[in-house]
Amino acid sequence: MKIVLLGPPGAGKGTQAEQISKSYSIPHISTGDIFRKNISERTELGIEAKGYMDKGLLVPDELTIEIVKNRLVEDDCKNGFLLDGFPRTVKQAEALDSFQGKKIDIALLIEVPRESILDRMTGRRVCPACGTTYHIKFNPPKIENKCDKCSTALIQRKDDVEETVKARLDVYYEQTEPLAKYYKSSGVLRTVDGTKDIDIVFKEIISVLG
Ligand code: ADP
Ligand code: ADP
Ligand code: ZN
């Protein structure tokens, strides 16, 4: 099963990806996570990506495409994969289509209206150690500000502040939303309502994926 997750920042892609990846035993590949790992390890890629991410802008296509291309040839992607946060531009989608044997089966769009996004994003907290995502209101950890899985203190992503979220939303509607049309025309687009509770959204996704 080769799946692409689409939806605005804060739609719940990462949250759902974690569960889908477990249920279908396919690797969860998040370009945002790859960039953040490189930033924390201070690699050349990380240093370059950080400048764009801090402003809420997209990392250039050439760089991003190369990273995904190299990731998808790894052994664990043989029986499928779940891409979260890639593609984000038509150019990236076209590149993905051109990778040998990587034709997408389903592009799953998680729909959440623009006005719900700001609350989702500014309340998001993440575990810097294991990557688990929480929300201060909608999905709080059992102990305040501590990761349920590894007890590490949670942090707020630097790009989850209001001003940057607004920039990211503009980028989304301008550059990424057109991908829905792109995948619709090739017949692989499926849509779920992302405004419902996390477990209800997950059930809907399972019924769509079959
Ligand atoms: P994305 O990867 O699409 O940016 P996340 O999965 O990180 O989105 O979710 C964004 C924020 O919204 C997180 O704080 C998450 O806990 C919360 N969230 C995810 N799904 C839902 C939902 N269905 N209802 C309410 N909050 C949600
Ligand atoms: P979110 O969870 O809010 O959807 P991500 O973690 O997917 O955010 O991405 C964070 C940032 O990483 C983006 O704002 C962008 O700067 C960069 N990024 C991630 N994926 C891509 C991509 N496919 N193309 C370009 N930039 C990307
Ligand atoms: Zn953790």
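Conventions adopted
Residues numbered from 1 in each chain as written. Chains lettered and ligands numbered in written order. Predicted model: local features only at pLDDT ≥ 70, side-chain atom pairs only at ≥ 80, totals over all residues. Heavy atoms only, no water. Near = heavy atom within 4 Å. Polar contact = N/O pair within 3.5 Å; in protein donor to acceptor, adjacent residues only side chain to side chain. Areas by Shrake-Rupley, 256 points an atom, 1.4 Å probe, with all protein chains shown as cover. Helix = DSSP H or I, 4+ residues; strand = E, 2+ residues; numbered from the N terminus. Nonpolar A, V, L, I, M, F, W, Y, C, P; charged D, E, K, R; others polar. Core = buried A, V, L, I, M, F, W, Y, C linked by side-chain atoms within 4.5 Å. Buried < 20%, exposed > 50% of the residue type's maximum accessible area, 1.4 Å probe, protein only. Contact = heavy atoms within 4.5 Å.

Moving on, we get to the site of ligand 2. As a matter of local geometry, ligand 2 sits amid 20 residues, with Thr31, Arg36, Leu57, Gly85 and Arg168 nearest to it. The separation between an oxygen atom of ligand 2 and a polar side-chain atom of Arg36 is 2.9 Å. At 3.0 Å, a backbone N or O of Val59 approaches a nitrogen atom of ligand 2. In isolation ligand 2 exposes 560 Å². Once the protein is present, 96% of that is buried. Among the elements that line the shell around ligand 2, the one with the most residues is helix H2 (residues 31–40), at four residues. Partitioned by chemical class, the residues of the shell around ligand 2 number eight nonpolar, five polar and seven charged.

Another aspect to go through is the nonpolar core. Counting residues in each nonpolar core, the largest one holds 22 residues, and the members touching the most others are Val4, Leu6, Leu72, Leu83, Leu96 and Tyr183. For this core, the secondary structure elements donating two or more residues are strand S1 (2–6), helix H4 (61–72), strand S3 (81–84), helix H5 (90–98), strand S4 (106–111) and helix H8 (178–185). Non-local contacts of Tyr183, meaning those with residues more than four positions away in its chain, are made with Val4, Leu6, Pro87, Ala93, Leu96, Ala107, Val188 and Leu189. Counting 20 residues, the second-largest nonpolar core is a separate cluster that includes Ile3, Ile110, Ile117 and Phe202.

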